[in-house]
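Chain by chain, the residues:
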Amino acid sequence: MKTITIVIPVYNEEEALPQLVRRLDNMSKSLTNIKCDFLFINDGSEDQTLEIIKETRKTDPRVNYVDLSRNFGKELAMLAGFDYADGDAVVVIDGDLQQPPELILEMVKWWKKGYDDVYAVRVDREGESKFKDWTSRVYYKVIQKMTTEKVFPLAGDFRLLDKKCVQALRELRESERYTKGMYGWIGFKKKKLTYVADERAAGQTKWDFSKLFKLALDGITSYSTIPLRVWSYVGFVISFFSFVFLLIEIMKTLFWGTDAAGYPTLLAGILFLGGIQLISLGVMGEYLGRVFIETKNRPPYFIREKSGNDSNIEKSKEDKA
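Quick summary incoming for the structure in this document. (Residues numbered from 1 in each chain as written. Predicted model: local features only at pLDDT ≥ 70, side-chain atom pairs only at ≥ 80, totals over all residues. Heavy atoms only, no water.)

Remarks on the overall build of the protein chain
For the protein chain, the count of helices and strands is eleven helices and eight strands. The long-range fraction of contacts in the protein chain, counting pairs at least 24 apart against all pairs at least 6 apart in sequence, stands at 83%. Here the protein chain has roughly 17900 Å² of accessible surface; of this, 60% comes from carbon and sulfur atoms. (Helix = DSSP H or I, 4+ residues; strand = E, 2+ residues; numbered from the N terminus. Contact = heavy atoms within 4.5 Å. Areas by Shrake-Rupley, 256 points an atom, 1.4 Å probe, with all protein chains shown as cover.)

In structure tokens, the structure reads:
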């Protein structure tokens, strides 16, 4: 009998957990010849999330957990899930119930047909503003223009991954991770499903504007070096026009003499070029900063406590190494 490990990264989801566990349990009862276990990755929750998981485990031995030492963010929490999952396939799902657990049944059906990565694309989200939906679509179009790799618009982390995909993702140990891009980079046979995202079952979203902006920036800098190349082109164009302007000024001086006027133009030019230089240095700094972080070679996360079958956990760690 094959096993599917459902990985659920959670951060302060005490209100939604009981309903999530109930729906996952009902879903798993509909699977035939498939064994399910649930691996919660507690990403430094400050409420009663971990305590609720422990209480649930007392009545349901399929429930396991990994408690991270602090809040490392969802990207690294998912990496911990990949490291400690030992099923023949892994399903990643959020803990806020915006993604319907019942869709896992459809994912399993396509997995049995030979697909390695069955991913779910959000076609609509209840309660989401039109502006946020528009910016999301524009972002994916921009990032597709900036890379030769395949980008899967509006495809998040809600997906079923065969153990081959999981093993490949384990080997990618970047600290500044953009897992949505890694799914496409590793390849394998993919199948697209669609769903309508529900509103949060409880609590508040953990993704404010600054976190979303950082995630978008990580996606661009992880996918492509085009931002660096663009500033090379901008520098060339500005240098060309500056040279033309210099020739014009030389000719004016030779034929009409010098003129002390032009201070506002000179000041505007200096400020413009200074701004361009600072922006280009900022872009280079983003890439250089990521190189600096990666060269530290720090462990991506630390664990305070874990449960489950330790032999399977250690086996997963050995396979990753």
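Concerning the environment of Val21
In this fold, Val21 is placed in helix H1 (residues 17-29). Linking Val21 and Thr56, residues 35 residues apart in sequence, is a C-alpha distance of 8.4 Å. Those residues in contact with Val21 that sit more than four places away from it in its chain are Phe40 and Thr56.

A short note on the packing of helix H6 (residues 163-171) against helix H7 (residues 179-186)
Running from N to C, H6 and H7 cross one another at 120 degrees; their axes reach a closest spacing of 10 Å. As summarised for this structure, H6 and H7 are arranged oblique, according to the angle between their axes. Relative to H7, H6 is oriented so that their crossing is right-handed. Contacts between H6 and H7 involve Cys165, Ala168 and Leu169 from the former and Met182, Tyr183 and Ile186 from the latter. (Axes fitted to C-alpha atoms, helices over the stretch in contact; angles between N-to-C directions. Parallel < 35°, antiparallel > 145°, perpendicular 65-115°, else oblique. Left-handed = near helix turned anticlockwise from the far one by under 90°.)

Focus: the pattern of salt bridges
Here the structure, examined in full by the defined rule, presents 16 salt bridges. With a closest N to O distance of 3.3 Å, Asp25 and Lys29 form a salt bridge. Here Asp25 and its partner Lys29 are both found in helix H1, four residues apart, which amounts to about one turn of the helix. The residue Glu305 makes a salt bridge to Lys54 at a minimum N-O spacing of 3.2 Å. One end of the pair, Glu305, is in strand E8 (residues 303-306); the other, Lys54, is in helix H2 (residues 49-59), and 251 residues separate them in sequence. Each of Asp25, Lys29, Asp60 and Arg62 takes part in a single network of salt bridges with overlapping partners. (Salt bridge = Lys/Arg side-chain N within 4 Å of Asp/Glu carboxyl O.)

Remarks on the pairing of strand E4 (residues 89-92)
Across the two faces of E4 the burial is the same, with Ala89 and Val91 and Val90 and Val92 all buried. Across four bridges, the pairing between strand E1 (residues 2-10) and E4 is parallel. From the neighbouring strand, Ile4 faces E4, where its bridge partner is Ala89. Bridge count for E4 against strand E6 (residues 155-162) is four bridges, and the pairing is antiparallel. Bridged to Val92 within E6 is Arg159. (Buried < 20%, exposed > 50% of the residue type's maximum accessible area, 1.4 Å probe, protein only. Pairing = 2+ DSSP bridges.)

Points about the environment of Asp37
By the secondary structure assignment, Asp37 is in strand E2 (residues 34-42). Spatially, the C-alpha atoms of Asp37 and Gly87 are 8.3 Å apart, while their sequence positions differ by 50 residues. Among the polar contacts made by the side chain of Asp37, one reaches the side chain of Thr5 at a distance of 3.1 Å. (Polar contact = N/O pair within 3.5 Å; in protein donor to acceptor, adjacent residues only side chain to side chain.)

Some points on the nonpolar core
Counting 36 residues, the largest nonpolar core has Ile4, Ile6, Ile8, Phe40, Phe158 and Leu160 as its most contacted members. By residue number, the principal contributor to this core is helix H4 (residues 103-112), which donates six residues. When near neighbours in sequence (up to four residues on either side) are disregarded, Ile4 contacts Ile34, Lys35, Cys36, Asp37, Ala89, Val91, Val108, Trp111 and Leu160. Residues Leu68, Ala80, Val90 and Tyr183 belong to the second largest nonpolar core, which totals 26 residues. (Core = buried A, V, L, I, M, F, W, Y, C linked by side-chain atoms within 4.5 Å.)

Describing the environment of Met284
Note that Met284 resides in helix H10 (residues 263-296). Overall, Met284 belongs to the partly exposed group, its relative accessible area being 41%.

Here's the deal with the packing of aromatic side chains
On inspection of all chains with the given rule, the structure shows two aromatic pairs. Judged by centre distance (5.7 Å) and plane angle (90 degrees), the ring pair of Phe158 and Tyr195 falls under edge-to-face. With Phe158 in strand E6 and Tyr195 in strand E7 (residues 190-197), this pair connects stretches of sequence that are 37 residues apart. The same class applies to Phe158 and to Tyr195, which are both buried. When the ring centre of Phe72 is taken as reference, the NZ or CZ atom of Arg70 above it lies at 4.0 Å. Of note, Lys189 hangs over the ring of Tyr115, and the distance from its end group to the ring centre comes to 4.7 Å. (Phe/Tyr/Trp six-rings, centres within 6.5 Å; stacked < 30°, edge-to-face > 60°. Lys NZ or Arg CZ within 6 Å of the ring centre and 35° of its normal.)

A short note on a nonpolar patch on the surface
On the surface, Phe236, Val237, Phe240, Phe241, Val244 and Ile248 cluster together into a nonpolar patch covering about 600 Å² of accessible area. Along the chain, Val244 turns up in helix H9 (residues 226-256). (Patch = residues over 30% accessible without salt bridge, like charges linked within 9 Å, V, L, I, M, F, W, Y side chains within 5 Å.)

What to know about the side chain of Ser45
You can see Ser45 is positioned in the loop between E2 and H2. At 2.9 Å, the side chain of Ser45 forms a polar contact with the backbone nitrogen of Asn12. Within the local environment of Ser45, its side chain forms a polar contact with the side chain of Asn42, the two groups lying 2.6 Å apart. Those residues in contact with Ser45 that lie beyond four places of it in its chain are Val10, Tyr11 and Asn12.

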